[in-house]
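Chains, contacts and geometry: an overview
Take a look at the letters that make up each chain.
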Amino acid sequence: MRTTQKLCAVLALVAVMVAAAGVARGGSNDDDKGEKAAKGKLPLVIGHRGASGYRPEHTLAAYKLAIGMGADYVEPDLVSTKDGVLVARHENEISATTDVENHPEFASRFRTKSIDGAPVSGWFTEDFALAELKALRATERIPELRLDNAAFDGLYQIPTLQEVIDLAKSAGVGIYPETKHPTYFDSIGLSLEEPLVATLRANGWSRKKAPVFIQSFEVSNLKELNRMTDAPLVQLLNASGKPYDFVLNGDPRTYADLATAAGLREIARYADGVGPNKNLIVPRDGSNHLLTPTTLVRDAHRADLVVHPWTFRNENFFLPEDFRHGNSAHPSYLRATGDSPGEYALFYRLGIDGLFTDNPDTAVATRVESFGDKGGGADDK
Ligand SMILES: [Ca+2]
Ligand SMILES: [Ca+2]
């Protein structure tokens, strides 16, 4: 399996780079901390693809576990079926997160397509009716790192947006949907924004105070959404590259440009927050050590934007050297839990308004450590 080989290669490469863990640097902002605690507006814990550190991602089981661990919001990434139903998958290509390869009746649906300028081969949600997708079962994306999660392979269906909303409503939490590849879905006649807004409206979640944040890595569809709904919008910012709609329409700006003070003021004209790669807040050097924090949080707050960085994960593999822990020569080292509480505490000190995490239990426990036992909650926003 190609993904496995790729991951093993990455693991081997990172293992070579592993050095002794250091101490986190980074400034703190005690004013921000005090202010947040006083207002009871603690940083939101957003279950990234659910509690995907413990269950196959984007399943009702993963979302339920995130809620049980205290997440304030759960995050469904949204793609479209052939019949225009929004379902939760990180990509429209589903061979890495479902058992589609084991369904001979769908073998002829294998395709190679260009998605956002890159060739992708496999099976795509837009080639399946919802009823067909429901025959598939979810599988763990990274069993090499998350061995135990494979125990849940084959158990769970792909959920629809409506099923995620039903779960969130029953539990009293919010949802944080992401439109995936919106320009691509427009190009095949399956625009994401209309069914998303219609579904939110049908559920009474289209107002400014709705427990919803809609996120996108593209810009033009957020501007469009800003005209379609009052629900809060979040511009995602990556640590490199540029929005794919900018590539197509010749806009020279990059994510780095959007993350400047001027870029953030521009974003504030159509969005309510930014979701930056956490490396845009605390960069890492070439040896995976943390550098001095940037001014992104302060600049975004000055533009009246909330800041929800991603993605926080417990395994040493994903952590900077500063927060890795254990015997780096041991074969389990990279999948072992590092000092992720240290990483959460650092970002909480820097004044973020929420974060995306695969391990909501750790994020919530560290929030209690950092701010006291006040609890967050979708209704506080
Ligand atoms: Ca996402
Ligand atoms: Ca569209």
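Residues numbered from 1 in each chain as written. Chains lettered and ligands numbered in written order. Predicted model: local features only at pLDDT ≥ 70, side-chain atom pairs only at ≥ 80, totals over all residues.

**Considerations on the overall build of the chain**
For clarity, the threshold we go by: Here a strand is any run of E in DSSP of at least two residues, a helix any run of H or I of at least four, and the numbering for each starts at the N terminus. Backbone-placed C-beta atoms define the burial measure: a residue is buried with 20 or more other C-beta atoms within 10 Å of its own, exposed with 12 or fewer, and partly exposed in between. For every residue pair, C-beta atoms are placed from the backbone, and the pair is scored as a contact if these atoms sit within 7 Å.
A count of helical and extended segments in the chain gives 14 helices and 13 strands. Residue burial in the chain is summarised as follows: out of 381 residues, 46% are buried. Counted over contacts in the chain with a minimum sequence separation of 6, partners at least 24 positions apart contribute 69%.

**Quick look at the nonpolar core**
This is how the line gets drawn: We call a set of buried Ala, Val, Leu, Ile, Met, Phe, Trp, Tyr and Cys residues a nonpolar core when their C-beta atoms link them within 7 Å.
The biggest cluster of nonpolar side chains holds 85 residues, and the ones touching the most others in it are A66, A71 and V74. Broken down by element, this core gets its largest block of residues, six residues, from helix α3 (residues 60-68). A71 has contacts with V45, I46, G47, A66, V173 and P360, leaving out every residue within four places of it along the chain.

**Quick look at the pairing of strand β13 (residues 354-357)**
Consecutive side chains of a regular strand alternate in pointing toward one face of the sheet and then the other. The line we're drawing: Note: two strands are recorded as paired if DSSP finds a minimum of 2 bridges between them.
Because side chains alternate across β13, one face comprises the buried residues G354 and F356, and the other comprises L355 and T357, equally buried. One ladder, built from four bridges, connects strand β1 (residues 44-48) with β13; its direction is parallel. Looking across to β13, one finds that V45 is bridged to L355.

**Focus: the packing of α3 against helix α5 (residues 161-171)**
Defined as follows: Every axis in this analysis is a line fitted to C-alpha atoms, fitted for helices over the stretch in contact. Angles between the N-to-C directions lie between 0 and 180 degrees. Convention used here: angles under 35 degrees read as roughly parallel, angles over 145 as roughly antiparallel, angles from 65 to 115 as roughly perpendicular, and any remaining angle as oblique. By convention, the crossing between two helices is left-handed when the near helix turns anticlockwise from the far helix through less than a right angle, and right-handed when the turn is clockwise. Asp, Glu, Lys and Arg are counted as charged, while Ala, Val, Leu, Ile, Met, Phe, Trp, Tyr, Cys and Pro are counted as nonpolar; the rest, among them Gly, fall into the polar class.
Where α3 meets α5, the closest approach of the two axes is 11 Å, and the angle between their N-to-C directions is 20 degrees. Here α3 lies roughly parallel to α5, going by the angle between them. Between α3 and α5 lies a crossing of right-handed hand. Contacts from L60, Y63, K64 and I67 of α3 reach α5 at E163, V164, L167 and A171. The residue inventory of the contact of α3 with α5, partitioned by class, reads six nonpolar, no polar and two charged.

**Focus: helix α13 (residues 340-349)**
Since the α-helix advances by 3.6 residues per turn, residues separated by three or four positions end up pointing in the same direction. Every buried residue belonging to α13 is among S340, E343, Y344, L346, F347 and Y348, and all of these are buried. On its buried face, α13 is in contact with β13 and α14 (360-371). A positive backbone phi angle near 90 degrees is found at G351, which sits one or two residues after α13.

**Some remarks on helix α8 (residues 220-228)**
Selection rule: Note: the arc covers the axis-to-C-beta directions of the helix.
Looking at α8, one finds that the buried residues are N221, L222 and L225. All buried residues of α8 project into a common sector of 100 degrees when viewed along the axis, lining one side. In this structure, the buried residues of α8 make contact with β8 (178-179), α6 (182-187), α7 (193-202), β9 (214-216) and β10 (233-237).

**A few points about the sheet that holds strand β2 (residues 73-75)**
An order of β7-β2-β1-β13 is seen for the four strands of this open sheet, with the pairing classed as parallel. On the outer flanks of this sheet lie β7 (174-175) and β13, each paired with one strand and no other. The sheet contact formed by β2 and β7 spans two bridges and is parallel. Bridging from a neighbouring strand, V74 pairs with I175 of β7. Along the sheet, α14 makes contact with β1 and β13, crossing β1 at roughly 170 degrees.

**Some thoughts on the pairing of β10**
To be explicit about the condition: Look down the strands so they point away from you; if the path from the first strand over the helix to the second goes clockwise, the crossover is right-handed.
Most of β10 is tucked away, with five of its five residues classed as buried. Residues of β10 alternate between two faces, with L233, Q235 and L237 on one and V234 and L236 on the opposite face, all of them buried. Of the pairings in the sheet, the one linking β9 to β10 comprises three bridges and is parallel in character. Bridged to Q215 within β10 is V234. At this point the chain moves from β9, through α8, to the parallel β10, and the crossover so formed is right-handed.

**A short note on unusual backbone geometry**
Backbone torsion omega between W310 and T311 reads -15 degrees, so that peptide bond is classified as cis. Relative to the assigned elements, T311 resides in the loop between β12 (306-307) and α13. The backbone phi angle of R49 is positive, close to 60 degrees, even though this residue is not glycine. Looking at the secondary structure, you find R49 in the loop between β1 and α3. Overall, the presence of 27 C-beta atoms within 10 Å leaves R49 in the buried class. Notably, N288 is not glycine yet its phi reads approximately 65 degrees, a positive angle. Mapped onto the secondary structure, N288 falls in the loop between β11 (273-276) and α12 (296-302). The class of N288 is partly exposed, set by 15 C-beta atoms lying within 10 Å.

**Some thoughts on the environment of G174**
Assignment of secondary structure puts G174 in strand β7. On the neighbour-count criterion, G174 (24 C-beta atoms within 10 Å) is buried. C-alpha separation for the pair G174 and V74, spaced 100 residues apart in sequence, amounts to 6.5 Å.

**Details of the confidence of the model for the chain**
In plain terms, the rule: Across the chain, each position has a pLDDT score giving the predictor's confidence in that residue, from 0 to 100.
A residue-level look at the chain finds 87% of positions with pLDDT of 70 or above and a mean pLDDT of 91. Counted against residues more than four places away or in other chains, residues 1-6, with its pLDDT under 50, gives two contacts. Across residues 8-39, where pLDDT falls below 50, the model places 48 contacts with residues more than four positions away in sequence or in other chains.

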